[in-house]
Amino acid sequence: MSTLIADIGEPTSVTWHILGAGSLGTLWATRLARAGFSVRLILRDRARLDAYLTRGGLTLSEQGQRHTFALPAGIIDDAEPIERVIVACKAYDAEPAVAGIASRLIPGADVLLLQNGLGSQEAVAARIPHARCTFVSSTEGAFRDDDFSVVFAGQGFNWLGDDQQGPAPEWLAALVQAGIAHEWTPKILDRLWRKLALNCAINPLTVLHGCRNGQLQQHAGEVSALCNELTAVLRACGHPEAAEGLDEAVTEVIQATAANYSSMYQDVKQGRRTEIGYLLGYACNAARQQGVKAPGLNALQERLIQRLLAKGLPAD
Ligand code: NAD
Ligand code: KPL
């Protein structure tokens, strides 16, 4: 496998800032840069910037090829104004990270939120009322194989939209040019709820049973009971379309990803904080607020919290 420092052309357009140079951040940053767009990383602090400069860039491995992109980078505390930024932190890091750059966002700045689950997007949007937030639901797969080095592991799709039912932004053309599969949808909340429900029905059980997704076929009754409760929650929250055929969809995902370990399983295995608060936690809170009985979801949340605490991991 070859590694080369890609020669990034002169900036020709609005700079795409990337806040969170992890798996998805790298995937977006490198594809945009490869297509000739101006991309600039925003790293947490001087120490991370030094580590990045020592590495010489962000490396993307795709179909057995490694390419390193020597993208310019700065830190949160810089003063340079931001017109467009992709927030690619974990859900629990998104709000504090955005708070750090809030004063740099120009009025009407575009802020793309790549977080899985629900709750973080609302919290971020409330922090930056002067910006335009776009929510993204991504089924692409990427993981870090080293610091500032990412493997593009699974082709997928990106749904984008906002909760204002706003028109599609012009910058979507850049995603076309960068080969980032996507569609603008007025139903982004349906998409996010649907993925949240899939993740709630699958991920916690893979942690508790210590198994690959496919082995949940041996726990079909448990999965189905969760789907029934999730269906009721989605409907009560005003997302009946996201609830349609949920049970069948979950079964399909379990079969299609049978050999995989869920993202939550991998987080726990590697001793990393999970996004439970933005997935199962969000669903349980929503059920409570809507007066929907969800004993299975609540019991699952409690078991998962106990498991996380036993492993010394945060339970939120
Ligand atoms: P990641 O942990 O690989 O990357 C997050 C990055 O954000 C890290 O590099 C971290 O250092 C950085 N970060 C955190 N706080 C920061 C701050 N204050 N300032 C600057 N940088 C900061 O996470 P990821 O896997 O890329 O996931 C990001 C989001 O995308 C999650 O919500 C995840 O569920 C979602 N998602 C990921 C994938 C995937 O395949 N990785 C797929 C779909 C959705
Ligand atoms: O998204 C997933 C994850 O592991 O986070 C799937 C594969 C759908 C399982 O919920």
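Heads up: the structure comes first, above all this text.
Throughout, residues of each chain are indexed from 1 in the direction in which the sequence is written. Working convention: letters from A go to chains and numbers from 1 go to ligands, in the order in which they are written. At least 70 in pLDDT is required for a residue's local features to be given in this predicted model, at least 80 for side-chain atom pairs to be given and counted, and no such filter applies to totals for whole chains, interfaces and linings, which use all residues. Heavy atoms from the whole structure form the basis of all side-chain values; hydrogens and water molecules are not counted.

### Focus: the side chain of Ser 120
Item 1. Positionally, Ser 120 belongs in helix α4 (residues 120–127).
Item 2. Excluding its chain neighbours within four sequence positions, the residues that come into contact with Ser 120 are Ala 91, Ala 94, Gln 115 and Tyr 278. Runs of E in the DSSP output that reach at least two residues are strands. Runs of H or I that reach at least four are helices, and both are numbered from the N terminus. Contact definition: two residues touch when any of their heavy atoms are within 4.5 Å.

### Focus: the site of ligand 2
Item 1. As a matter of local geometry, ligand 2 sits amid Asn 199, Ile 202, Asn 203, Asn 213, Val 253, Ser 262 and Ser 263.
Item 2. Asn 199 places a side-chain nitrogen or oxygen 3.0 Å from an oxygen atom of ligand 2.
Item 3. Relative to its unbound accessible area of 290 Å², ligand 2 is 80% covered by the protein chains.
Item 4. For the shell around ligand 2, the element with the highest residue contribution is helix α6 (residues 188–209), accounting for three residues. The cutoff for a nearby residue is simple: one of its non-hydrogen atoms must lie within 4 Å of the molecule or strand. Polar contact is defined as a pair of N or O atoms within 3.5 Å, subject to the rule that within protein one atom must be able to donate a hydrogen and the other to accept it, and that residues adjacent in sequence are counted only when both atoms are side-chain atoms. Here the Shrake-Rupley method, with its probe set to 1.4 Å, supplies the accessible areas, and only the displayed protein chains count as covering residues.

### Re the pairing of strand β10 (residues 141–146)
Item 1. Criterion used throughout: strands pair if DSSP finds at least two bridges between them. Here β10 runs beside strand β11 (residues 149–154); their pairing, made up of five bridges, is antiparallel. Its bridge partner lying in β11, Phe 143 is registered against Val 151.
Item 2. Two successive antiparallel strands, β10 and β11, enclose a turn made up of two residues, where Phe 148 displays a positive phi of approximately 60°.

### Quick notes on the site of ligand 1
Item 1. Taken together, the neighbourhood of ligand 1 is formed by 24 residues, with Ser 23, Leu 24, Ala 142, Arg 144 and Glu 275 sitting nearest.
Item 2. Note that an oxygen atom of ligand 1 is positioned 2.8 Å from one of the backbone N or O atoms of Leu 24.
Item 3. In the environment of ligand 1, an oxygen atom lies 2.6 Å from a nitrogen or oxygen atom belonging to the side chain of Glu 275.
Item 4. A total of 830 Å² of accessible area belongs to ligand 1 in isolation, and the protein chains cover 86% of it.
Item 5. Counting residues per element, the ones that place at least two in the shell around ligand 1 are α1 (23–34), α3 (91–101) and β10.
Item 6. By residue class, the composition of the shell around ligand 1 is 11 nonpolar, seven polar and six charged. Polar here means any residue other than Ala, Val, Leu, Ile, Met, Phe, Trp, Tyr, Cys and Pro, which are nonpolar, and Asp, Glu, Lys and Arg, which are charged; Gly is therefore polar.

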